[in-house]
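Coordinate inspection notes
Chain by chain, the residues:
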Amino acid sequence: MGYTIAQKIIKSHLISGEMTAGKEIALKIDQTLTQDATGTMAYLEFETMGLKRVKTEKSVAYIDHNTLQSGFENADDHRYIQSVAEKHGIYFSRPGNGICHQVHLERFGIPGKTLIGSDSHTPTGGGIGMLAMGAGGLDVAVAMGGGAYYITMPKMYKVNLTGKLKPFVSAKDISLEILRILSVKGGVGAIIEWGGEGIKTLSVPERATITNMGTELGCTTSIFPSDDITRQFLKAQGREKDFVELQSDADAVYDKTIEINLDTLVPLIACPHSPDNVVEVSSLKGTKVDQVCIGSCTNSSLLDMLKVAALLKGKTIKPSVSLSVSPGSKQVLTMLSDCQALGDILASGARLLECTCGPCIGMGFSPNSAGVSLRTFNRNFEGRSGTADAGVYLVSPETAVAAALTGEITDPRLLGEMPKINMPDSFKINDTAVLDPETEELCEKVDILRGPNIKPFPSSKKVSDNLCAKVSLKVGDNITTDHIMPAGAKILPYRSNIPHLSQFCFGVCDKKFPERAKALGESIVVGGINYGQGSSREHAALVPMYLGVRAVITKSFARIHVANLINAGIMPLTFKNPDDYEKIAEGDSLELRNIYESMDNGEAVLKNITNGEEIPLLCEFTDRQKSILKAGGLLAFTKEN
Ligand code: MIC
Ligand code: SF4
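Analysis parameters
- Every chain's residues receive numbers from 1 upward, in the order its sequence appears when written.
- Lettering of chains starts at A and numbering of ligands starts at 1, both following the order in which they are written.
- Residue-level local features of this predicted model are given only where pLDDT is at least 70; pairs of side-chain atoms are given and counted only at 80 or more, and the full residue set underlies all totals for whole chains, interfaces and linings.
- In computing side-chain properties, one takes all heavy atoms of the structure into account and sets aside hydrogens as well as water.
- Remark: nonpolar core denotes a set of buried residues (Ala, Val, Leu, Ile, Met, Phe, Trp, Tyr, Cys) joined through side-chain atoms within 4.5 Å.
- Between buried and exposed lies partly exposed: a residue is buried under 20% and exposed over 50% of the maximum accessible area for its type, with that area taken using a 1.4 Å probe on protein chains only.
- Helical segments are the DSSP runs of H or I of at least four residues, strand segments are the runs of E of at least two, and each set is numbered from the N terminus.
- Any two residues whose heavy atoms approach within 4.5 Å at even a single point are treated as in contact.
- When at least one non-hydrogen atom of a residue lies within 4 Å of a molecule or strand, that residue is treated as near it.
- Nitrogen and oxygen atoms within 3.5 Å of one another constitute a polar contact, given that in protein one can donate a hydrogen and the other can accept it, and given that sequence-neighbouring residues count only through two side-chain atoms.
- For accessible areas, the Shrake-Rupley method is used with a probe of radius 1.4 Å. Any residue's cover is judged against the shown protein chains and nothing else.
- Classification used: nonpolar for Ala, Val, Leu, Ile, Met, Phe, Trp, Tyr, Cys and Pro, charged for Asp, Glu, Lys and Arg, polar for all others including Gly.
- Pairs of strands are assigned from DSSP output, requiring at least two bridges between the strands.
- Every angle, taken between N-to-C directions, lies between 0 and 180 degrees, and every axis is a line fitted to C-alpha atoms, over only the stretch in contact when it is a helix.
- In what follows, salt bridge is the name for a side-chain nitrogen of Lys or Arg lying within 4 Å of a carboxyl oxygen of Asp or Glu.
- Each Phe, Tyr or Trp ring, with Trp reduced to its six-membered ring, pairs with another whose centre is within 6.5 Å; inter-plane angles below 30 degrees give stacked pairs, above 60 give edge-to-face pairs, and intermediate values give tilted ones.
- Here the arc refers to the directions that run from the helix axis out to each C-beta atom.
- Oblique is the label for any angle not covered by the other classes, which are roughly parallel (under 35 degrees), roughly antiparallel (over 145) and roughly perpendicular (65 to 115).
- Definitions for this section: a left-handed crossing has its near helix turned counterclockwise from the far helix by less than a right angle. A right-handed crossing has that turn clockwise.

Right, let's talk about the nonpolar core for a bit. Ranked by size, the top nonpolar core spans 65 residues in total, and within it F506, F513 and Y531 carry the most contacts. In terms of residue count, helix α16 (residues 539-546) provides more of this core than any other element does, five residues in total. Sequence-distant contacts of F506, defined by excluding residues within four places in its chain, comprise L473, I479, H483, I484, P486, K511, F513, V525 and Y531. Within the second largest apolar cluster, 55 residues are counted, among which are C100, L234, V332 and F427.

This part covers the site of ligand 1. The environment of ligand 1 is made up of 14 residues, and the closest members are D119, S120, R384, S536 and R537. Contact between ligand 1 and S536: an oxygen atom at 2.7 Å from a main-chain N or O atom of the residue. Here ligand 1, which alone exposes 330 Å², has 96% of that area covered by the protein. Across the shell around ligand 1, the residue classes break down as two nonpolar, seven polar and five charged.

Alternating positions in strand β25 (residues 589-592) separate into two faces, S589 and E591 on one and L590 and L592 on the other, with burial throughout. With four bridges connecting them, strand β21 (residues 467-474) and β25 associate as antiparallel partners. Among the inter-strand pairings, A469 is bridged to a residue of β25, identified as L590. Across three bridges, the pairing between β25 and strand β26 (residues 603-608) is antiparallel. Bridge pairing links L592 to L606 in β26.

Let us look at the environment of I258. Its place among the elements puts I258 in strand β12 (residues 256-261). Sequence separation between I258 and Y157 is 101 residues; the distance between their C-alpha atoms is 7.9 Å.

Moving on, we get to the site of ligand 2. H65, H101, D119, H121, S296, C297, C357, C360, I361, N378 and R384 make up every residue found near ligand 2. Looking at the shell around ligand 2 residue by residue, the classes come out as four nonpolar, five polar and two charged.

The subject of this paragraph is the sheet that holds strand β23 (residues 549-554). Read around the closed barrel, the seven strands follow the order β21-β22-β23-β24-β27-β26-β25; overall the barrel is mixed. Neighbouring strand axes in the sheet, compared pairwise and without regard to direction, differ in orientation by 40 degrees on average. The sheet contact formed by β23 and strand β24 (residues 571-575) spans four bridges and is parallel. Pairing of A551 across the sheet is with M571, part of β24.

What follows concerns helix α19 (residues 623-631). Residues of α19 that are buried include every one of R624, Q625, K626, I628, L629 and A631, and no others. Elements that come into contact with the buried residues of α19 comprise β2 (24-27), β8 (149-152), α17 (559-567), β24, α18 (595-601) and α20 (634-640). One or two steps after α19, the chain reaches G632, where phi turns positive at roughly 90 degrees.

Turning our eyes to something else, we now look at unusual backbone geometry. The omega angle of the peptide bond from P272 to H273 is -5 degrees, so this bond is cis rather than trans. Inspection of the secondary structure puts H273 in the loop between β13 (268-270) and β14 (278-280). Unusually for a residue other than glycine, N530 sits at a positive phi of about 60 degrees. With respect to the helices and strands, N530 occurs in the loop between β22 (523-526) and α16. We note that N594 has phi near 50 degrees; this positive angle belongs to a residue other than glycine. On the secondary structure map, N594 appears in the loop between β25 and α18. Of the residues examined, N594 reaches a relative accessible area of 41% and is grouped as partly exposed.

Here the structure, examined in full by the defined rule, presents 34 salt bridges. Among the salt bridges present, the one from R231 reaches D228, with a minimum N-O distance of 3.5 Å. Remark: D228 and R231 occur in helix α8 (residues 228-236); sequence separation between them is three residues, near one turn of the helix. Its relative accessible area of 30% is what places R231 among the partly exposed residues. The partner of K583 in a salt bridge is E613, and the shortest N-O contact between them spans 4.0 Å. Here K583 is found in the loop between β24 and β25, whereas its partner E613 is found in the loop between β26 and β27 (614-618), with 30 residues between them in sequence.

Bringing the packing of aromatic side chains into the picture now. One pass over the structure, following the stated rule, counts six aromatic pairs. Where Y91 meets F108, the ring centres are 6.4 Å apart and the plane angle is 45 degrees; that geometry is what we call tilted. Taken together, the positions of Y91 in strand β5 (residues 91-93) and F108 in the loop between α4 (100-107) and β6 (114-117) put the pair 17 residues apart, joining distant regions of the chain. Classification of F108 as buried rests on a relative accessible area of 10%. Seen from their ring centres, F506 and F513 are 4.9 Å apart, and the 75 degrees between their planes marks the pair as edge-to-face.

Right, let's get into the sheet that holds β6. With mixed pairing, the six strands of this open sheet are ordered in space as β7-β6-β3-β4-β5-β20. A single partner strand is all that each edge strand has here, and the edge strands are β7 (131-134) and β20 (434-435). In the sheet, β6 pairs with β7 via four bridges, with the strands oriented parallel. Bridging across to β7, L115 finds its partner in A132. Its contacts with the sheet put helix α3 (residues 72-88) on β4 (58-62), β5 and β20, and the angle it makes with β5 is roughly 155 degrees. Where α4 meets the sheet, its contacts fall on β3 (31-34), β4 and β6, and the angle it forms with β3 comes to roughly 150 degrees.

On to helix α15 (residues 513-520), then. Listed in full, the buried residues belonging to α15 are F513, P514 and A517. Down the axis of α15, the smallest arc covering the buried residues is 95 degrees, so these residues share one side. When the buried face of α15 is taken as reference, the exposed residues oriented beyond 90 degrees from it are E515 and A519. Contacts made by the buried residues of α15 are with β21, β22 and β23.

What follows concerns the packing of helix α9 (residues 302-312) against helix α12 (residues 397-406). Contact geometry for α9 and α12: axes closest at 10 Å, N-to-C directions at 30 degrees. The pairing of α9 with α12 is recorded here as roughly parallel in orientation. Seen from above, α9 lies across α12 with right-handed handedness. Contacts between α9 and α12 involve D304, K307, V308, L311 and L312 from the former and P397, E398, V401 and L405 from the latter. Here the residues of the contact of α9 with α12 sort into six nonpolar, no polar and three charged.

This part takes up the side chain of D30. Examined against the element boundaries, D30 turns out to sit in the loop between β2 and β3. Owing to a relative accessible area of 2%, D30 belongs among the buried residues under this scheme. Among residues more than four places away in sequence, those in contact with D30 are H13, T56, E57, K58, K113 and T114.

And the structure:
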């Protein structure tokens, strides 16, 4: 039996475990990336390991999220990360150099290598055939220290593309179509390989849009073959030497195959508040639009920006619309400016934002109250934009421009003729905004610069054999980490200050949660399907841990979050019968006895003291996970070992 592309990379990086779907495997990690919103915590964790240098082939620290320096906090965190990077052998991408995923694709990604990043959109690297996965900061810290990355061996899905996209239909519409087909939980436990004749019509930036947004399917990662198109891209980036060809074997076996015919695809749009709430753009024709944002790690490549510039050229946006454009990297911005395309964008009335995440994470440019915002981004979770009652829609750059020009949701095919855009034969290369680390001989001399915003890491507790606690919160299906630990310009600067962050925990669901959880001392949270989807932020586990949450019981979990809970020493448990979710109410007292024995059996019986119900739960953990929980989290476990 042959191998899929992902299986080939896994096989060549396997440290331990069996390559059978559902079993735990340990992988050697070649590259890591961090961004600043998760990086400060990741480097604090790395520092506790007491290592002199990172042990990866390449580790890069990006500053791209917390760039709105409205106080000392973000600036202090940037300096901290810069000094840690310099000291410990990590490349440092300065603020303004671009969004981590875009820059990593341009300058560092290598087909066939493994990459983990403390950001859920790390799978962007799958656009050039990397096995690239999002992870919690602590897992990235361990990988920087040379430790393995543990995942559950995924199932293999294949998406076969046939045909060719019609004008005004683009890669983003392919992403939205697969979300429409599979939903935000349809990829959990799987790696999605993209193939078929249709991929030959897709450039690397288009492929990267698709692997980027694959994250929204909940999958472990997404990957394209590394072929001639990949070679061309790397050559244009002056990195042809990094090219290796990667294809799946003809007799590779997939657990599921999905067919998409590009010829019949039309412009799509994801409605509030979920990326899988997808309909045809034409069905919302005439809906008034207040704001349009173009950029984010999904659609900020040079190709995207050139399209936008060509469509805006010589036109003026509607006075009722506020349009922002954030190029993905300094390279993109420089090339846009060199070819005058930037002038066309600005002349249309657009506002140019920095080459950062910006509005995508609520870092400025929040919509007006009850505003309708069309964004080329990947997430439209409730409240994420920074305006609680805004309606955020996800669209392609083409649909975004159509809305900016007409002031309403408009099928971009009505814009006339699509200008022809070509990928350049060579990109403009200037890596001055990437700082090399200090040499091994001199690194001792580098001082770490710590600001007052960095507060001590909260200590976790060991999982004890018995737990008796009240339910501090009961939530529904598809709760995102943006619900658990919201982001935005006001909160993000405190990512290295868990006590401060804790005031906002579960703010989207119930503002009284922090107070209640604190008063209870220890408590349990109950959730529905796909709990913890979205961002990789380990803060969505560390903050509940700080507030005394000892266990989370759900119908199912998202991959990165469940790992973060275990790393924080919080027990993730699932209902054996999902309907039993109804047998627990907020405020109920729950009891779990003989937890250690239950962990060994994989099953536990939960007693609801309040109503007398006995509820069977699954507590299936690997030996490693059991030891981490018993030690009180991965940091404590790593120190013990
Ligand atoms: C996001 O898109 O939600 C983020 C902000 O990039 C997060 C990381 C974070 O919360 O810092 C992610 O995707 O993991
Ligand atoms: Fe940044 Fe948005 Fe991409 Fe997250 S999804 S990395 S916030 S651009």
